[in-house]
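# Commentary on secondary and tertiary structure
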Amino acid sequence: MSTTPVKVAVTGAAGNIGYSLLFRIASGALLGPDTPVELRLLEITPALKALEGVVMELDDSAFPTLAGIEIGDDPNKVFDGVNVALLVGARPRTKGMERGDLLEANGAIFTVQGKALNDHAADDVRITVTGNPANTNALIAKSNAPDIPAERFSALTRLDHNRALAQLAKKAGVHVTDLKKMTIWGNHSATQYPDIFHAEVAGKNAAEVVNDQAWLESDFLPTVQKRGAAIIEARGASSAASAAAATIDHTRDWLKGTAEGDWTSMAVVSDGSYDVPEGLISSFPVTTKDGNWEIVQGLDINEFSRAKIDASTAELGEERDAVKDLGLIG
Ligand code: NAD
Ligand code: LMR
């Protein structure tokens, strides 16, 4: 085992996602069995007592890869020297809300945390935003951290990607491991566009294998787009274990790399690829290697896909304008 622990910050650590996420990170699911990890856990002051209870349980799990735990309510201290920051802490939506309705409640969290990361994180920091509305919260954090390269900020659309894989696998009668090259475009919202036109089922084009436009439009797209709301309706609380699993998948693949011949979906800063307005944090097909990502280039976008991508990125533009009006970004 290497000796220097990787410092991983998790915000909202006493929350529902945190309760699943922390134990997976501590057990080596994020960085592997040979890398010791130090957890740096941020909460708001009233939740620190509950967080102390979670820390007792982490201690009691005797994880071989867990090298230490720091907790606190001051991001300037908790983020000191962190190599990975998982920004989960934010209010979840409740029944009847869209994620964008949380902008006003949650946006300000990401100005403070962006500044604290800017001033205190390690030079190699990688930041994943899970707290909703994730894309625009990542934009706020990035805008408040001018010294951190823009490509170190990302938002989670891996849960949508995984949901899309599960639905396609069911339809095609295969296992998710038979699928490759799924893409989520745009916003982590009901306008997101899960694209199967470049996906593969056992090496064959997924749209051709499925060959069912009615299923695509009336079943697959709405099921994936509205899965978060369906879980809130059924559970009375938003997805937590699957969100934690996706946060691990996203960040692990970013650090360790995507498999040869495949890609994943991450919301990252747009360079204008596929006519997504530059500067928005939008989901793209990406390959990753050694902690860096690249947007997959050269995909043919058909008319159907073009309209869907444009609708989702237009929503991201509206969210950006809204947070500008709120004074959360310059
Ligand atoms: P939760 O309410 O159970 O936990 C949130 C925690 O964040 C609470 O413990 C709260 O005290 C803490 N918190 C609030 N403000 C904070 C701050 N300024 N600093 C540190 N901690 C703070 O919610 P949850 O179910 O864990 O969900 C967290 C967020 O993740 C929500 O916004 C939810 O909508 C979002 N989410 C995103 C995805 C995704 O795919 N991107 C999936 C599921 C949930
Ligand atoms: C999800 O997709 O499950 C989360 O973003 C929670 C939500 O509000 O839908």
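Residues numbered from 1 in each chain as written. Chains lettered and ligands numbered in written order. Predicted model: local features only at pLDDT ≥ 70, side-chain atom pairs only at ≥ 80, totals over all residues. Heavy atoms only, no water.

### Observations concerning the side chain of Glu-319
Counting through the fold element by element, Glu-319 comes out in helix H11 (residues 303–325). No salt bridge forms around the buried Glu-319; measuring N to O, its nearest opposite-charge neighbour Arg-99 is 8.6 Å away. Among the polar contacts made by the side chain of Glu-319, one reaches the side chain of Thr-136 at a distance of 2.5 Å. Leave out the neighbours within four places in its chain, and Glu-319 touches Gly-100, Leu-103, Pro-133, Thr-136 and Asn-187. (Helix = DSSP H or I, 4+ residues; strand = E, 2+ residues; numbered from the N terminus. Buried < 20%, exposed > 50% of the residue type's maximum accessible area, 1.4 Å probe, protein only. Lys, Arg positive; Asp, Glu negative; His and termini not counted. Salt bridge = Lys/Arg side-chain N within 4 Å of Asp/Glu carboxyl O. Polar contact = N/O pair within 3.5 Å; in protein donor to acceptor, adjacent residues only side chain to side chain. Contact = heavy atoms within 4.5 Å.)

### Looking at the site of ligand 1
Within the structure, ligand 1 sits among 25 residues, and Asn-16, Glu-43, Arg-91, Thr-130 and Asn-132 are positioned closest to it. In the model, an oxygen atom of ligand 1 is placed 2.9 Å from a nitrogen or oxygen of the Asn-16 main chain. Burial of ligand 1 by the protein chains amounts to 86% of its free accessible area of 870 Å². Because more than half of its atoms lie within 2 Å of the grid, ligand 1 is assigned to the largest pocket. Every element with two or more residues in the shell around ligand 1 is listed here: helix H1 (16–26) and helix H4 (103–120). Its residues assigned to classes, the shell around ligand 1 comprises 12 nonpolar, 11 polar and two charged. (Near = heavy atom within 4 Å. Areas by Shrake-Rupley, 256 points an atom, 1.4 Å probe, with all protein chains shown as cover. 1 Å grid on protein atoms, 1.4 Å probe; cavity = no way out; pocket = protein on both sides within 12 Å on 5 of 7 lines; lining within 4 Å. Sits in = over half its atoms within 2 Å of the grid points. Nonpolar A, V, L, I, M, F, W, Y, C, P; charged D, E, K, R; others polar.)

### Some points on helix H8 (residues 213–225)
Three or more residues of H8 are buried, namely Trp-215, Leu-216, Phe-220, Leu-221, Val-224 and Gln-225. Considering only its buried residues, H8 is in contact with helix H6 (158–172), strand S9 (193–195), helix H7 (206–210), helix H9 (227–235) and H11.

### Thoughts on unusual backbone geometry
For residues other than glycine, phi is negative in most cases, and the peptide bonds are mostly trans. Look at the link from Asn-132 to Pro-133: it is a cis peptide, with omega at -10°. Examined against the element boundaries, Pro-133 turns out to sit in the loop between strand S5 (126–129) and helix H5 (134–143). Positive phi, close to 45°, is recorded for Ala-62, a residue that is not glycine. Secondary-structure assignment places Ala-62 in the loop between helix H2 (48–60) and strand S3 (66–72). Residue Lys-181 is not a glycine yet carries a positive backbone phi of 60°.

### Looking at the UniProt feature "binding site: substrate" (unreviewed entry) in the protein
Following the UniProt record, one finds the feature "binding site: substrate" (unreviewed entry) at Arg-93, Arg-99, Asn-132 and Arg-163. None of the other annotated residues line the largest pocket; only Arg-93, Arg-99, Asn-132 and Arg-163 do. Tracing the backbone through its elements, the reader meets Arg-93 in the loop between strand S4 (84–87) and H4. Residue Arg-93 is classed as buried on the basis of its relative accessible area, which comes to 9%. At a separation of 2.9 Å, a polar atom in the side chain of Arg-93 contacts the main-chain carbonyl oxygen of Met-97. With relative accessibility at 5%, the residue Arg-99 sits in the buried group. With sequence-adjacent residues up to four places away left out, Arg-99 is seen in contact with Arg-93, Asn-132, Pro-133, Arg-163, His-188, Ser-189, Ala-190 and Gly-228. (UniProt positions renumbered as here; feature names shortened; annotations may be inferred.)

### Description of the site of ligand 2
Around ligand 2 lies a shell formed by Arg-93, Arg-99, Asn-132, Leu-159, Arg-163, His-188, Gly-228, Ile-232, Ser-238 and Ser-239. One of the side-chain nitrogen or oxygen atoms of Asn-132 is found 2.8 Å away from an oxygen atom of ligand 2. For ligand 2, an oxygen atom lies 2.7 Å from a polar atom in the side chain of Ser-239. When isolated, ligand 2 has an accessible area of 260 Å², and the protein chains bury 94% of it. According to the grid-proximity analysis, the pocket containing ligand 2 is the largest pocket. Elements supplying a minimum of two residues to the shell around ligand 2: H6 and H9. Tallied by class, the residues present in the shell around ligand 2 amount to two nonpolar, five polar and three charged.

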